[in-house]
Amino acid sequence: MVGLRLGLVGAVVRQALLWTACLTGALLSGGAQADKVVEPHFVLTEQHHHVVPHLVNFARQGVLRSHRNAPLTDFKNIDGAVLVHLDSHADGNLPAHMAATMRENLPAEGPETHDLLRHTCVNDFLLLLGYMGIVEHIIFVEPPWSPLMEEVHSITVDISIGVSLEDDEEDPNREDDSLTNEEGYPLMYASIHSPLLDDPAPRKEALEEAIGRFSSMMDTEVVLDHEDLMKRCGKIRTIRFTVLPYEGAAHTLINLLDKEGMEKDIILDVDLDGFGTTSPGAMAMHDAIPSYEDLMRVYHTAHNLCDMDPNYWEQLLENNSKPECTQELSLVHGPPFQAEMPDGFRISGKTKRRINSLSHRFMPGDVYESVEEVLEFYSSSITDNLRGKFAEKMDAFLTQPFHIEERTIEPIIDYWHEVFKTVFVGNRVPAVIHVVRSPFYTPHHHLDSIECKALDALLDVFGPGAGVFHAKEVELNRTGCGNKFPPKLQHDIGEHVHLDPTPWARNVHDAFYWGYDDEDGPGDGDGNAKNPILMKFVNQHEVDIVLSSEGERLNIAPGSKKVTRARHLSKWDLHLASEPKSPIHSLTIDEEEGRKQSFGSMDGTIPVKDETPVYMDITNPDDSETDVEVRFVDEDEETESFVAVLAPGDTHGTMTFHGHRFALYALSDDDHEHIMGEVTVDATNGDVQEVVMFEDEL
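### Let's talk about the pairing of strand β16 (residues 583–588)
Regular strands place side chains that alternate from one sheet face to the opposite one.
Here's step 1: Inspection of the sheet shows strand β15 (residues 571–576) paired to β16 by five bridges, in the antiparallel sense. Paired with Asp573 across the two strands is Ser586, which belongs to β16.
Here's step 2: Taking the residues that link successive antiparallel strands as the turn, the β15-β16 hairpin has six residues.

So this is what it looks like as structure tokens:
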């Protein structure tokens, strides 16, 4: 693996993992006991965080033991489950905010449970489950194509989680809104620790580096020293987080789960993107490089990966250890990108500038040269399809896990089929098994095959158990696989109230580009108006108000804001919560006012402010005859920061805000730069704007 590595991890991490597992076993395991009888409950969801209401219901019903008898102190919750997380992503971010009562009490049945989805998303639901006491130990088994957590394989850390106190006694001068989000919910914080940090160097140094890697999963501003966490949050919840590689996973999982004690509930969390994955960045790059094989070669080259062909998985299955590494996919070690290049083929200055604009700078020189050939080969397609967003999309592609190879789907699932049969037997049978479709991450053209093969493997090992549970909006059989469960074991639990009702099939290209490719934008599939409008409502009153439209109701606390989607010509009422039949304002949304609008409960339409977002394209026309460098002007710091270099014909798109300034410099052949002028963003000109150099007055 090219990039940052922990040179001391080796023996240290294995000792750390075994020490933690043995200590846990000594604390939790009792004497010899008979096998417990477990009937797995399957859960099928589209988005990964939608498992949260299901698990809350299972905890309330007693399928999971949760925190019903847990101490409300700074200790691990021994009643929480072990969650084995099979996924291409760690999903270890920290939710931004949470109601403090959720640590001590399960939410009430109904709206309060559904409202949990207001606090979480696809990459931070695991720590939410930990804070709520449903999960105590997360074991993430990371696939070999993921570049995210390799440095901390076989390490276990303690993560303590809390929400900010309503009154910060330690800092009485702190502003009130620094402790809550805009809706009044307390903010969440965490600390990360390992018992082995008390040991001497070099073990301590390796673990400190590892803890830094865990911290990077979260916003660094929310990771505090443990003492500071206790002061700011008071009562906290402490969980364990372990990362394992695929190699030796079966043996290590058996050791870890056996040390937990037979009373520990187990959740098997299967994200189908763990058998093959894409990403929004990869999908954007596929528009420009429409060959998954070529994208795989670029990705494998950048991360110096083994091929992971069917032979790789057969070796892994037979030996349960790291297979022999071949690198035929590598542009450096494998065959040339093209057997014969077109006559006159050369690397243009535009391609060199593109690759130099990447922030993904860990690649050595020979890798850059190999990738340059691919980028030059697809240069015109990149210009046509990415429209100046190359660096943004290429960096996103290289940062997120990526593996799309149809011939490996069956071998990967066969490997896990054997792991399931070996590990999850006797006292290690899961109480709950998630099957998560993960739209935009599981490759959509392979989803049917992946889901059916994965369900075949799970049902072969566990049988249908208590059946499959799904929310009303999840179409059980949309891949043709859901009917593998008998009809009497298909449980529709009713509608979930999701914070974001965007259907799974919405074009991710639109969402990732902050806009729409065609003039009208996508429809919603039901004949409704296109181009949904984002509406922000601000409660300027000192009491709760309610925003309602066609059956939708949003409660807004004093001083808080709510953002929602609205359709053109939809009608909305704002009224005091205490007077539901007497509207303060009645509004009709008009798309002519822009796709992002703001309203206040007292002021009506709110004037343009610095927080008003604008999507701006800056274009250097084909006939400009000069490269232009774009820089962002930071007035507070009195500095300029590099944004992009635009060759003639290039366009750079960026999400910016009203009042932001961009300086434009013409670059001459002698590397001198000449100021051309500045662009100041003015939101009154629309929420989508374009600046064409030499045609617009700067």
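### Let's talk about the packing of helix α10 (residues 310–319) against helix α15 (residues 409–423)
Here's step 1: Taken N-terminus to C-terminus, the directions of α10 and α15 make an angle of 10 degrees; their axes are 9 Å apart at the nearest point. Taken together, α10 and α15 sit at an angle that is classed as roughly parallel. On α15, the residues that touch Pro310, Trp313, Leu316 and Leu317 of α10 are Pro411, Ile412, Asp414, Tyr415 and Glu418.
Here's step 2: A breakdown of the residues in the contact of α10 with α15 according to their chemical character gives seven nonpolar, no polar and two charged.

### What to know about the environment of Pro411
Here's step 1: Examined against the element boundaries, Pro411 turns out to sit in helix α15.
Here's step 2: With a relative accessible area of 17%, Pro411 lands in the buried category.

### Overview of the pattern of salt bridges
Here's step 1: For the structure on display, the rule yields 18 salt bridges.
Here's step 2: Between Glu136 and Lys264 there is a salt bridge whose closest N-O contact spans 3.0 Å. Placement of the pair is Glu136 in strand β3 (residues 135–142) and Lys264 in the loop between α7 (249–260) and β7 (266–271), with a sequence separation of 128 residues.
Here's step 3: Between Arg354 and Asp650 there is a salt bridge, with the nearest N and O atoms lying 3.8 Å from each other. You can see Arg354 sitting in helix α11 (residues 349–356) and its partner Asp650 sitting in the loop between β21 (639–646) and β22 (651–657), a full 296 residues away along the chain. We note that Arg354, like Asp650, is buried.
Here's step 4: Through salt bridges with shared partners, one network takes in Glu46, Arg437, Glu451 and Arg478.

### Side note on helix α9 (residues 292–303)
Here's step 1: Between the first and last C-alpha of α9 there are 16 Å, a value that for 12 residues agrees with the 16 Å anticipated at 1.5 Å per step.
Here's step 2: The buried count for α9 comes to 10 of 12 residues, which makes it a mostly enclosed element.
Here's step 3: Immediately downstream of α9, the backbone of Asn304 shows phi near 55 degrees, a positive value.

### A closer look at the packing of helix α8 (residues 280–288) against helix α13 (residues 379–386)
Here's step 1: Orientation of α8 relative to α13, taken along the N-to-C sense of each, is 120 degrees, at an axis distance of 7 Å. Classified by the angle between their axes, α8 and α13 sit oblique to one another. Residues Ala284, Met285, Asp287 and Ala288 of α8 lie in contact with α13, whose contacting residues are Ser381, Ile382, Asn385 and Leu386.

### Thoughts on the side chain of Asp91
Here's step 1: By the element assignment, Asp91 lies in the loop between β2 (81–86) and α3 (111–114).
Here's step 2: Overall, the relative accessible area of 9% leaves Asp91 in the buried class.
Here's step 3: Reaching out from Asp91, the side chain makes a polar contact with the side chain of His85 at a distance of 3.4 Å.
Here's step 4: What Asp91 contacts, discounting residues up to four positions off in sequence, is His48, His85, Val122, Asn123, Asp124, Phe125 and Leu126.

### Description of the sheet that holds strand β24 (residues 673–680)
The pairing of strands in a sheet happens through backbone hydrogen bonds and is either parallel or antiparallel.
Here's step 1: Taken in spatial order, the four strands make up an open sheet running β21-β20-β23-β24, and their pairing is antiparallel. A strand with exactly one partner marks an edge of an open sheet, and here the two such strands are β21 and β24. Direction aside, neighbouring strands of the sheet carry axes that sit 25 degrees apart on average.
Here's step 2: Strand direction decides the pairing type here: strand β23 (residues 661–667) and β24, joined by seven bridges, are antiparallel. Following the sheet pairing, Leu667 is matched in β24 by Glu673.

### Structural notes on unusual backbone geometry
Here's step 1: The residue Ser154 is not glycine, and still its phi comes out positive at about 70 degrees.
Here's step 2: Of note, Ser154 is situated in the loop between β3 and β4 (155–163).
Here's step 3: A relative accessible area of 14% means that Ser154 is categorised as buried.
Here's step 4: Of note, Asn304 is a non-glycine position whose phi angle comes to about 55 degrees, a positive value.

### With respect to the nonpolar core
Generally speaking, nonpolar side chains in soluble globular proteins are found buried as a group.
Here's step 1: Leu268, Phe275, Trp313, Met394, Phe397, Trp416 and Phe424 are the most contacted members of the largest nonpolar core, which totals 82 residues.
Here's step 2: Top contributing element to this core by residue count: helix α16 (residues 447–462), with nine residues.
Here's step 3: When residues no more than four places from it in sequence are discounted, the contact partners of Trp313 are Pro144, Trp145, Tyr246, Met308, Thr408, Pro411, Ile412 and Tyr415.
Here's step 4: Listed in part, the 59 residues of the second largest apolar core include Val56, Ala59, Met98 and Met149.

### Here's the deal with the sheet that holds β15
Here's step 1: Read from one edge to the other, the open sheet built from four strands follows the order β13-β12-β15-β16, with strand pairing classed as antiparallel. Bordering the open sheet on either side are β13 (552–556) and β16, each of which pairs with just one other strand. Averaged over all pairs of adjacent strands, the angle between strand axes in this sheet comes to 15 degrees, irrespective of strand direction.

### Thoughts on the state of the cysteines
Here's step 1: According to the stated counting rule, one finds two disulfides in the structure shown.
Here's step 2: Sulfur-sulfur distance for the disulfide between Cys306 and Cys325 comes to 2.0 Å. On the sign convention where negative means left-handed, the S-S torsion of about -115 degrees between Cys306 and Cys325 marks this disulfide as left-handed. One end of the pair, Cys306, is in the loop between α9 and α10; the other, Cys325, is in the loop between α10 and α11, and 19 residues separate them in sequence.
Here's step 3: Using a relative accessible area of 15% as the deciding quantity, one classes Cys306 as buried.
Here's step 4: What pairs with Cys452 in a disulfide is Cys481, and their sulfur atoms sit 1.9 Å apart. With the S-S dihedral at roughly -85 degrees, the linkage between Cys452 and Cys481 falls on the left-handed side. Taken together, the positions of Cys452 in helix α16 and Cys481 in the loop between β9 (468–470) and β10 (490–492) put the pair 29 residues apart, joining distant regions of the chain.
Here's step 5: Note on Cys481: relative accessible area 0%, which makes it buried.
Here's step 6: Taking only the cysteines that form disulfides and numbering them from first to last, the protein has the pattern 1-2, 3-4.

Parameters and conventions
- Residues numbered from 1 in each chain as written.
- Predicted model: local features only at pLDDT ≥ 70, side-chain atom pairs only at ≥ 80, totals over all residues.
- Heavy atoms only, no water.
- Pairing = 2+ DSSP bridges.
- Helix = DSSP H or I, 4+ residues; strand = E, 2+ residues; numbered from the N terminus.
- Axes fitted to C-alpha atoms, helices over the stretch in contact; angles between N-to-C directions.
- Parallel < 35°, antiparallel > 145°, perpendicular 65-115°, else oblique.
- Contact = heavy atoms within 4.5 Å.
- Nonpolar A, V, L, I, M, F, W, Y, C, P; charged D, E, K, R; others polar.
- Buried < 20%, exposed > 50% of the residue type's maximum accessible area, 1.4 Å probe, protein only.
- Salt bridge = Lys/Arg side-chain N within 4 Å of Asp/Glu carboxyl O.
- Expected span 1.5 Å × (residues − 1).
- Polar contact = N/O pair within 3.5 Å; in protein donor to acceptor, adjacent residues only side chain to side chain.
- Core = buried A, V, L, I, M, F, W, Y, C linked by side-chain atoms within 4.5 Å.
- Disulfide = S-S within 2.5 Å.

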